[in-house]
Amino acid sequence: ERPLVHQESLPKLPVPPLQQTCSRYLASLEPLISAEEMTHTRELMDEFLRPGGIGERLQKSLERRARKTENWVSRFAWLFLAYALLMHSLDYRFAAKLIAGVLDFKSMIDSHTLPVEYLGGKPLCMDQYYQVLSSCRIPGPKRDTVVNYAVGKTPPTHITVVHNFQFFVLDVYNSDGSPLTVDQLYVQLEKIWNSSLQSNKEPVGILTSNHRNTWGKAYNNLIKDKTNKESVRAIQKSIFTVCLDAPKPRVSDEMYFNKVAAQMLHGGGSRWNSGNRWFDKTLQFIVGEDGSCGLTYEHAPAEGPPIVFLVDHVVDYMKRSEMVRTPMIPLAMPQKLRFNITPEIKKDIEKAKQNMNIMVNDLDVRVLNFTHYGRKFPRSYKMSPDAFIQMALQLAYYRMYQTCCPTYESASLRMFKLGRTEAIRSTTTESLQFTKAMDDPSKHVQNSEKAALLEEAIKVHRKHTHMAIHGQGIERHMLGLRMIAIEDLTSLPDIFMDTSFAVASHFNLYTSQVGSKTDCVMCLGPMVPDGYGICYNPMDDHINFAVTAFNSCEETNATRLSQFLEDSLLDMKTLLEQVSKTQ
């Protein structure tokens, strides 16, 4: 059925019962804080939940808002994140096929023939699919906006291509409305390539990598000039961007994927390809001269799954052979976008370069291709692969630090109209009992007991996942109550000022499973300065992980955590095999 028919019948995101969220919040704190802190937090919670008290008032306000709006969470700000994904490419023929594949996906969007996705027999919200093409984040003085140019009277018919920091407008449709063929696209890409060989141009695109406030000011300065404003608008309105990257310096085989993943995320610094981007653009496909290939996307309009669906579609499309006859009409030269660089803009570019290089040097990216087994193994023990991997992450962290930490796992709320994400708090009393038992120094814990604790921890994680995707999570509800308090009250309730609240929201492990049919790696940065960003893609017989951390933090080390993760996954497999032999 057509997606929009379903869209209207989707349920609205519910506001969970106040008592339920508050007791689950307290339970989530148990493994993370001391007994004294817990006693103090319980007192604050009793005060918050007093009959006729502040908690009830905020809950009623939130329920009123939920009745009046399509989705009560969506007006509270969304994260600014870049995700990156990497594959492997060959040449500009590859780039031409990639563009054709995205246009093929776009034809399903334009004709509303994209198949509706289901989860557990229930249709999912498809809105995000309609936000990823022809959209861009626009800097504002106080807050940014996301503009979707596809909904206007004249939807865009061009993409932007950037090579050696120079931007081009490439029209991707013939005058009769048919998309350019792969051959035509190849010819146009060659023209772009040949007319942008000089590599001494100012990297205007690097401005988009700066802190949002800094970029907001530089943006207003940049678009004062009419030519610049027109060039910027052409980039913002384009369907998507293709970045033709210069080759990076050669590295050893074991470092190759780490370096490529980092390049997809940030371009490798101002000397390399960080200026060959427009980071506000929702979708940027990156094709390197050295065969590296991937994409980076701006997180405001959509989560990972629609992007992965698009990637799977493009990869399938590229495997098919082309049967399209190429029209013999000569095509116009793609238009080069001009920028007038004033001394002030030049200064902004220099600042952005310095800032970007600091960030690039600070981010450590490790790709772990775990080849010993994949999702089929936990399934053979009737265990959820996702919960199994989450417990391996808990074990790895515990082994490295002899303590557990607040852990965020992203869950989808697409069962609801305009649903985005909820957090699953993966660290539980049960996960901590399992990790402690695994390496019990007294050697008194039997393997069967360890396996039972693992099973219990997985069961609890599954229950939390089920509640999160059905709109009964803690994180968004607490955010809603807090935001209403900020709007309506003179002071924040004590429960939100409590140190335990700050501790529980400081996610040292920020994790996301992004599963795809394509064998690719996704990566994202840490959420906190002393934390890790972990993205994983479980395939049948292997698992792709990307682990990131900041070099500026002495306590974190992405390589070491990856090693502990590999060992934990192997030890958990050994444990289950030994226990099943003795049964």
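Sequence positions are assigned chain by chain, starting from 1 and proceeding in written order. Thresholds applied to this predicted model are a pLDDT of at least 70 for local features of residues and 80 or more for the giving and counting of side-chain atom pairs; totals over whole chains, interfaces and linings are not thresholded and use all residues. As a rule here, side-chain values cover all heavy atoms of the structure and leave hydrogens and water aside.

## Quick word on the overall build of the protein
Then step 1. Counting from the N terminus, the helices are the DSSP runs of H or I reaching at least four residues and the strands are the DSSP runs of E reaching at least two. When its secondary structure is counted, the protein shows 19 helices and 18 strands.
Then step 2. To get the radius of gyration, use the C-alpha atoms; to get the globule rule, take the number of residues to the power 0.38 and multiply by 2.2 Å. Compactness check: the protein gives a C-alpha radius of gyration of 25 Å against a globular reference of 25 Å for 583 residues, within 12% of the reference.
Then step 3. Considering only C-alpha atoms, the protein reaches an extent of 75 × 60 × 50 Å along its principal axes.
Then step 4. Contacts are assigned to residue pairs that have any heavy atoms within 4.5 Å of one another. Long-range pairs, those at least 24 residues apart, make up 74% of the contacts in the protein between residues at least 6 apart in sequence.
Then step 5. Values of accessible area rely on a 1.4 Å probe in the Shrake-Rupley scheme; residue burial ignores everything except the protein chains shown. Summed over all atoms, the accessible surface of the protein reaches about 25900 Å², with 53% contributed by carbon and sulfur.

## A few points about the sheet that holds strand S17 (residues 532–538)
Then step 1. Spatial strand order, S12-S18-S17-S15-S13-S14: 6 strands in an open sheet with mixed pairing. The open sheet is flanked by strand S12 (363–370) and strand S14 (421–425), the only strands paired with a single partner. Neighbour-to-neighbour, the strand axes of this sheet turn through a mean angle of 20 degrees, independent of strand direction.
Then step 2. Pairing between two strands requires that DSSP report at least two bridges joining them. Inspection of the sheet shows S17 paired to strand S18 (residues 543–550) by 7 bridges, in the antiparallel sense. Bridge assignment links Gly-533 to a residue of S18, and that residue is Thr-548.
Then step 3. A fitted line through C-alpha atoms serves as each axis, taken over the contacting stretch for helices, and the angle formed by two N-to-C directions is quoted from 0 to 180°. Together, S12 and S18 form the strand contacts of helix H11 (residues 343–362), whose direction differs from that of S12 by roughly 40 degrees.

## A word on the UniProt feature "active site" (unreviewed entry) in the protein
Then step 1. UniProt positions are given in the numbering used here, feature names are shortened, and annotations may be inferred rather than shown by experiment. Following the UniProt record, the feature "active site" (unreviewed entry) maps to His-299 here.
Then step 2. Considering the arrangement of structural elements, one finds His-299 in the loop between strand S10 (292–298) and helix H10 (304–319).
Then step 3. A residue is classified by how much of its surface remains accessible, and His-299, at 6% relative accessible area, is buried.
Then step 4. A polar contact is formed between the side chain of His-299 and the backbone oxygen of Ala-302, at a distance of 3.2 Å. The buried label applies to any residue whose accessible area, calculated with a 1.4 Å probe on protein chains only, is under 20% of its type's maximum; exposed applies above 50%, and partly exposed to all values in between. N or O atoms closer than or at 3.5 Å make up a polar contact, with two conditions inside protein: a donor-capable atom paired with an acceptor-capable one, and, for residues adjacent in sequence, both atoms drawn from side chains.

## Quick notes on the state of the cysteines
Then step 1. Disulfides are defined in this document as cysteine sulfur pairs within 2.5 Å. The tally for this structure, following the rule as stated, stands at 0 disulfides.
Then step 2. No disulfide involves Cys-243; its nearest neighbouring cysteine sulfur is the one of Cys-293, lying 11 Å away.

## With respect to the side chain of Thr-282
Then step 1. In this fold, Thr-282 is placed in the loop between helix H9 (253–266) and strand S9 (283–288).
Then step 2. You can call Thr-282 buried: its relative accessible area is 1%.
Then step 3. In terms of polar contacts, Thr-282 uses its side chain to reach the side chain of Ser-135, at 2.6 Å.
Then step 4. Look past the residues within four positions of Thr-282 in its chain and what remains in contact with it is Gln-131, Val-132, Ser-135, Cys-136, Thr-296, Tyr-297, Glu-298 and Pro-301.

## Overview of H11
Then step 1. The first and last C-alpha atoms of H11 sit 29 Å apart over 20 residues, in line with the 28 Å expected at 1.5 Å per residue.
Then step 2. Along H11, the positions that sit buried rather than exposed are Ile-345, Asp-348, Ile-349, Ala-352, Met-356, Val-360 and Asp-362. Burial along H11 is one-sided: seen end-on, the buried residues are contained in an arc of 150 degrees. Exposed side of H11, more than 90 degrees from the buried face: Pro-343, Lys-347, Gln-354, Ile-358 and Asn-361 are the residues found there. To estimate how far a helix should extend, the number of its residues minus one is multiplied by 1.5 Å. To be clear, the arc concerns the directions from the helix axis to the C-beta atoms.

## Comments concerning helix H13 (residues 385–401)
Then step 1. Between its terminal C-alpha atoms H13 stretches 24 Å, which fits the 24 Å expected from 17 residues at 1.5 Å a residue.
Then step 2. Burial runs high along H13: 16 of the 17 residues are buried.
Then step 3. Among the residues trailing H13, Gln-402 stands out with phi positive, at a value near 55 degrees.

## Observations regarding the nonpolar core
Then step 1. As used in this record, nonpolar core signifies buried Ala, Val, Leu, Ile, Met, Phe, Trp, Tyr and Cys residues forming a set joined through side-chain atoms within 4.5 Å. Leu-98, Ile-99, Ile-159, Phe-240 and Leu-283 are the most contacted members of the largest nonpolar core, which totals 46 residues.
Then step 2. Every element with two or more residues in this core is listed here: helix H5 (92–110), strand S6 (158–163), strand S7 (166–171), helix H6 (182–194), strand S8 (241–245), S9, S10 and H10.
Then step 3. No other element matches H5, which puts 12 residues into this core.
Then step 4. Ile-389, Leu-393, Met-438 and Leu-569 belong to the second-largest nonpolar core, a separate cluster that totals 38 residues.

## What to know about the side chain of Arg-425
Then step 1. Here Arg-425 shows up in strand S14.
Then step 2. Polar contacts involving the side chain of Arg-425 include one to the side chain of Ser-28, which spans 3.2 Å.
Then step 3. There is a polar contact of 2.8 Å between the side chain of Arg-425 and the side chain of Glu-475.
Then step 4. Beyond its immediate sequence surroundings of up to four residues, Arg-425 is in contact with Tyr-25, Ser-28, Thr-407, His-464, Ile-474, Glu-475, Ala-504 and Phe-507.

## Section: the environment of Ala-451
Then step 1. Turning to its location among the elements, Ala-451 is positioned in helix H15 (residues 447–469).
Then step 2. When its relative accessible area of 5% is taken as the criterion, Ala-451 is described as buried.
Then step 3. When the C-alpha positions of Ala-451 and Leu-575 are compared, they lie 6.9 Å apart, and in sequence the two are 124 residues distant.
Then step 4. Apart from residues no more than four positions distant in its own chain, Ala-451 is found in contact with Leu-575, Leu-576 and Val-579.

## Topic: the confidence of the model for the protein
Then step 1. Taken as a whole, the protein shows an average pLDDT of 90; of its residues, 96% reach a score of 70 or greater.
Then step 2. Each residue carries a pLDDT score, the predictor's confidence in it, ranging from 0 to 100. The model gives residues 77–83 a pLDDT under 50, and that stretch makes 31 contacts with residues more than four places away or in other chains.

## Digging into the pairing of S8
Then step 1. In terms of burial, S8 is a largely internal element, 5 of the 5 residues being buried.
Then step 2. Alternating positions in S8 separate into two faces, Thr-241, Cys-243 and Asp-245 on one and Val-242 and Leu-244 on the other, with burial throughout.
Then step 3. Sheet analysis places S6 next to S8, joined by 4 bridges and oriented parallel. What sits directly across from Val-162, in S8, is Cys-243.
Then step 4. Here 5 bridges tie S8 to S9, and the two strands are oriented parallel to one another. Of the residues in S9, the one forming a bridge with Val-242 is Phe-285.
Then step 5. Following the chain from S8 across H9 to the adjacent parallel S9, one finds a crossover that is right-handed. Orienting the strands away from the viewer, one traces the path from the first strand over the helix to the second; a clockwise path indicates a right-handed crossover.

## Description of the packing of helix H2 (residues 18–29) against helix H3 (residues 35–48)
Then step 1. Between H2 and H3, whose axes approach to 11 Å, the crossing angle comes to 170 degrees. Considered as vectors, H2 and H3 are oriented roughly antiparallel to each other. Taken together, the residues of H3 that come into contact with H2 (itself represented by Leu-18, Cys-22, Tyr-25, Leu-26 and Leu-29) are Met-38, Thr-41, Arg-42, Met-45 and Phe-48.
Then step 2. Under this grouping Gly is polar, as are all residues other than the nonpolar Ala, Val, Leu, Ile, Met, Phe, Trp, Tyr, Cys and Pro and the charged Asp, Glu, Lys and Arg. Classifying every residue of the contact of H2 with H3 by side-chain character gives 8 nonpolar, 1 polar and 1 charged. These descriptions rest on fixed angle ranges, namely under 35 degrees for roughly parallel, over 145 for roughly antiparallel, 65 to 115 for roughly perpendicular, and the rest for oblique.

## Let's talk about the environment of Ser-178
Then step 1. Counting through the fold element by element, Ser-178 comes out in the loop between S7 and H6.
Then step 2. Filtering out sequence-adjacent residues up to four positions away, Ser-178 remains in contact with Val-172 and Tyr-173.
Then step 3. In terms of polar contacts, Ser-178 uses its side chain to reach the side chain of Asp-176, at 2.7 Å.

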